[in-house]
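# Close look at the chain arrangement
Take a look at the letters that make up each chain.
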Amino acid sequence: MSASGVLSFTQQGWEQVLAKVKRAVVYLDSACAESLHWGCGSTRLLEAVGGPDCHLREFEPDAVGGGAKQPKAVFVLSCLLKGRTVEILRDIICRSHFQYCVVVTAVSHAVHLTANHVPAAAAAEMEGQQPVFEQLEEKLCEWMGNMNYTAEVFHVPLLLAPVAPHFALTPAFASLFPLLPQDVHLLNSTRPDKRKLGSLGDVDATALTPELLLQIRCLVSGLSSLCEHLGVREECFAVGSLSRVIAADLANYAPAKNRKKTAAGRASVVFMDRTLDLTGAVGHHGDNLVEKIISALPQLPGHTNDVMVNMIELTALQTEEENCNVVAPGCLAQSNDTTAKALWEALLNTKHKEAVMEVRRHLVEAASRENLPIKMSMGRVTPGQLMSYIQLFKNNLKALMNHCGLLQLGLATAQTLKHPQTAKWDNFLAFERLLLQSIGESTMSVVLNQLLPMIKPVTQRTNEDYSPEELLILLIYIYSVTGELTVDKDLDEAEEKVKKALAQVFCEESELSPLLQKITDWDSSINLTFHKSRIAVDKLFTSLRDIAGARNLMKQFKSVYVPGNHTHQASYKPLLKQVVEEIFHPERPDSIDIEHMSSGLTDLLKTGFSMFMKVSRPHPSDYPVLILFVVGGVTVSEVKMVKDLVASLKPGTQVIVLSTRLLKPFNIPELLFATDRLHPDLGF
């Protein structure tokens, strides 16, 4: 199996799509566009379409239809072909002149049968048949206005956006986030008294909403296709309640039965809930340039994992703000540029200082190859120095085209180094280190009282002070790293003071940010009363208490906090690190918190016999491939840590890190306060 299995899996899928797009109008939804963006690049699609005109369109209700000279359309969709998605398809086709329609879905036909409530036994009998796709093909011809026109509907597993050879994301599942204790109350509201859930530990597939279960099944279908591509039979393990449901579904996924029998290789797939450790997600410990870039620069529209790089410095336009939208933005993904791709992978795998020097080295070498008049300078790399190298390419079209990818990464670095958010990164880090020491020496109430003077209304804040959103990040950090709380009068009083201060600050904001609008359920601070603000803050603290208690059900991984002593300061030990160390522990203990999910009767019998006979259960270190899936997002630093740790603990093991999204600190409050966690929007 190649080291770049996630990349070849994605590219192989896109080759099937590209074979269909010649001279077509191509409609993509945002998740598929993101997979293309990281896997092949849009230029590859444009080349396959051919012709002088650009015929790429976003799949949305208002999308422009095909004209009289555009008889062919290809729709590339990440979701189920059902409900609203089919209505949008119909509307686009009805206002077009298409005679040939191809619909590609990233969701398998087996999952479409599940979504249409076809019983498992009946679905098993339909193996090799695709009635849902065939019915839609008939509808497509009907909407085109002639049953003799051509329609094709088929499945291609466009699950991943490969960020690196060992690391990929699942854009269609960016909103998938583990449950919190408050979600148990919501699930219980529809259950009879005798079947109420006691805690997250009681949550299984039967307890979840139909929408969430279907979302999980869509993910499992894609992961099964990945295992097929890798040629492995997977053993599934889980750390956390939602991970347990996903792992069990993959272990018992019926359409994979025959594949598993014939697979030559073996792999461990370990799922882990992000909510068990939010400290690393909101913390600033990661000494990584890419983390700072994605935190500082604005998000690329329609994407969850890439940013906009301002390219105006390479044009003759003035750098005023109003000109920024005139020039198309650059980005981080450079799938078709070998040199830029090599630099990108170096940035992912090195510390901040080395990464910045690597950017300078690449720019100097590129300028030298183009015979540009470069002035060498040693010492510390500054944004001004990088910009002086980049501007050498400005009036040289050939050099610009030859090194476009590299220049985008160079500009991203320079813009991040001089961004105010980067200066604040060190302030966050210093405060987090101070918090770690305080947590060991003081109670939670004392820590919250230390935070209180930092909660300032907009009229009293300077650039050095923390905004309400930044205060939320610090609160999430405090509650996650502290873990299980001892609730007493002092804690209640300290929380009450912080709640009052935050509620007042929310009311006095001149403008509510999108995050504060989501938390307060109000779009303007003008009409936000203290009473309404206080209700929102109370809900916020319910979530914070949930975060603190997230590891309560763990037996082994109960803490991410390492107390200090006379030789070492108190520190944070990531849960991911603890899980990987436990997997590759030389004595191979049976971990209580890394649960193996049995797949059928044979495994259940093994588990039963192991109670009175020496039958070894599967262990996650048994196999040459480890796929680690973090449900709810992962940071660049965590991916690097896992890769380095596996290489040191068990050299030769191939590790693939997968996650729902690439995280920056501000993502966590957005995911925590999302209202659709139990009822995801599946497009119908």
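Residues numbered from 1 in each chain as written. Predicted model: local features only at pLDDT ≥ 70, side-chain atom pairs only at ≥ 80, totals over all residues. Heavy atoms only, no water.

The name given to the protein chain in an unreviewed UniProt entry is Sec1 family domain containing 2, with the source organism recorded as Macaca fascicularis.

## As for the environment of Val356
For clarity, the cut-off: Here a strand is any run of E in DSSP of at least two residues, a helix any run of H or I of at least four, and the numbering for each starts at the N terminus. Burial classes: relative accessible area under 20% of the type maximum marks a residue as buried, over 50% as exposed, and values in between as partly exposed (1.4 Å probe, protein chains only). Note on contacts: a residue pair qualifies if any of its non-hydrogen atoms lie within 4.5 Å across the two residues.
In this fold, Val356 is placed in helix α15 (residues 352-369). Take Val356: its relative accessible area is 5%, and that puts it in the buried class. In the structure, Val356 is positioned 30 residues away from Leu386 in sequence and 9.4 Å away in space, judged by C-alpha atoms. Each residue touching Val356, except ones within four places of it in the same chain, is listed here: Leu289, Val381, Thr413 and Leu417.

## Observations regarding the domain arrangement of the protein chain
Rules: The split of the chain into domains comes from an automatic or database domain assignment. Buried area: the accessible area, evaluated with a 1.4 Å probe, that two parts lose upon being put together, summed over both parts. Salt bridge, as used here: a side-chain nitrogen of Lys or Arg that lies within 4 Å of a carboxyl oxygen of Asp or Glu. Polar contact criterion, stated in full: a pair of N or O atoms within 3.5 Å, where within protein one must be able to donate a hydrogen and the other to accept it, and residues adjacent in sequence count only if both atoms are side-chain atoms. Nonpolar residues are Ala, Val, Leu, Ile, Met, Phe, Trp, Tyr, Cys and Pro. Charged residues are Asp, Glu, Lys and Arg, and all others, Gly as well, are polar.
The domain boundaries assigned to the protein chain delineate domain 1 (6-158), domain 2 (162-277 + 574-674), domain 3 (298-418) and domain 4 (431-549). In this structure, domain 1 and domain 3 have C-alpha centres spaced 35 Å apart. With ten residues of domain 1 at the interface, the matching set in domain 3 holds 13 residues. Together domain 1 and domain 3 conceal approximately 850 Å² of surface at their shared face, both sides included; 50% is due to carbon and sulfur atoms. Together, Glu34, His37 and Trp38 form the three largest contributors to the area buried by domain 1 at its contact with domain 3, with a combined 70%. Across the contact surface, domain 1 and domain 3 share zero salt bridges. Taken together, the links from domain 1 to domain 3 amount to eight residue pairs in polar contact (both at pLDDT 80 or more). Within the residue set of the side of domain 1 that touches domain 3, elements represented by two or more residues are α2 (30-39) and α3 (42-49). No other element matches the five residues that α2 contributes to the side of domain 1 that touches domain 3. Residue composition of the side of domain 1 that touches domain 3, grouped by class: three nonpolar, five polar and two charged.

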